[in-house]
Amino acid sequence: MNNSHDRPAARLTARGVVRRYGGIEAVGGVDLVARPGRITALVGPNGAGKSTLFDCLAGTVRPDAGRVLLGGRDVTGLPAHRRVRLGLARTFQQIAVFPTLSVADNVRVGAEQRTGRAGRTGPAGRAEARDVAERTVEALRLFGLQGLAAEPAGAQPTGVLRLVELARALAGGPRVLLLDEPAAGLDAAQTARLVSVLRGLAERGMALLLVEHDAELVAELADTVYAMAAGRMVAAGPTATVLADPRVTRAWGAVG
Ligand code: ATP
């Protein structure tokens, strides 16, 4: 998308992130870097701490210790919506769309989050409205959703909703995109489209981080893999190396 060009690339970094729930250390002091131009995957068995780390990065969960940096800026204390404005977008494992809004309006919400100042009047407001409209159309096009633009989102099947959610995240022109199991509920054709869109975004300098259970998709997409188990990072590095690491295959029975 055009809008991935107009903000400098940024890396997303977790340093020594800790998050406890009661007596459980869901994330026990982990480091991770998602680099611009790269697709980074976070894998591990159920309960490993992936979602908790992901939420700490997105800003929906506050770490008990450690730091989160976006493009060198410490965002640990910023809520999720402030991080969105700095260029950090995410999708959810449980699809979150506004069912009564049209597909296009759902995507527009993402385009408007870019500024957080929807409704301005005068020339600046008009330019902004044009920009939002362009971003919306471009994001719909990217996922082949133009034909469904006017349809209510709530009437769409899961696979389409996944794409709507992705289009919404991208319409804000993020520098870093966090994806929580993006292929869940997609058919083969939609997955192929997703793979090609995500590759294209990385090629244009976006940093992508995905939490993913599907080992084949990780092998196909990711440049770098971080593997967690029981709140710890057990391996990190190039995809082929990490996926072949016995510590990872032992912990993550799904690999191979
Ligand atoms: P999954 O693949 O099943 O989504 P995960 O790797 O994402 O697993 P988390 O959901 O981060 O793992 O969970 C890590 C640990 O933290 C688990 O033991 C989980 O029960 C616990 N946990 C996560 N969120 C909470 C919460 N809100 N309250 C209490 N415990 C939690």
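Coordinates for the structure precede this section.
This section reports on the structure supplied with the text. Residues take numbers from 1 onward in each chain, read along the sequence in its written order. Only residues with pLDDT of at least 70 get local features here, since the model is predicted, and only at 80 or more are side-chain atom pairs given and counted; chain-wide, interface and lining totals rely on the full set of residues. The side-chain values count all of the structure's non-hydrogen atoms but skip hydrogen atoms and water molecules.

1. A word on the environment of Ala129
Part 1: Note on conventions: DSSP H or I runs of at least 4 residues are helices, E runs of at least 2 residues are strands, and numbering of each starts at the N terminus. By the element assignment, Ala129 lies in helix H4 (residues 122–142).
Part 2: Sequence-wise, Ala129 and Gly28 are 101 residues apart; in three dimensions their C-alpha atoms are separated by 44 Å.

2. A closer look at the layout of surface pockets
Part 1: Using a grid of 1 Å spacing that covers the protein atoms alone, one calls a set of points a cavity when a 1.4 Å probe fits there but cannot get out, and a pocket when the set is open and has protein on both sides within 12 Å along at least five of seven lines; lining residues are those with an atom within 4 Å of a point. Grid points are joined across faces, edges and corners, and a volume is the space filled by probe spheres set on the points. There is about 410 Å³ of room inside the largest pocket.
Part 2: Contributing to the lining of the largest pocket are 26 residues, with Val84, Ala89, Arg90, Phe92 and Gln113 lying nearest its centre.
Part 3: Among the secondary structure elements, those contributing two or more residues to the lining of the largest pocket are helix H2 (80–85), strand S6 (88–90), helix H3 (103–113) and helix H5 (158–171).
Part 4: If one sorts the elements of the lining of the largest pocket by residue count, H2 sits on top with four residues.
Part 5: Of the residues contributing to the lining of the largest pocket, the split by class is 12 nonpolar, eight polar and six charged. Under the scheme applied, nonpolar residues are Ala, Val, Leu, Ile, Met, Phe, Trp, Tyr, Cys and Pro; charged residues are Asp, Glu, Lys and Arg; polar residues are all the others, including Gly.

3. Notes on the sheet that holds strand S10 (residues 232–238)
Part 1: In this analysis, strands are considered paired if DSSP registers two or more bridges between them. Taken together, six strands build an open sheet; the order of strands is S6-S7-S8-S3-S9-S10 and the sheet is mixed. Taken across any chain shown, the strands that pair with only one partner, and hence form the sheet edges, are S6 and S10. Shown here is a sheet whose adjacent strand axes are inclined to one another by a mean of 15 degrees, direction ignored.
Part 2: Sheet contacts for H5: S6 and strand S7 (176–180); angle to S7, the most-contacted strand, approximately 160 degrees. Between the N-to-C directions of two axes lies an angle of 0 to 180 degrees, each axis being a line fitted to C-alpha atoms and, for a helix, fitted only over the stretch in contact. Contacts are assigned to residue pairs that have any heavy atoms within 4.5 Å of one another.

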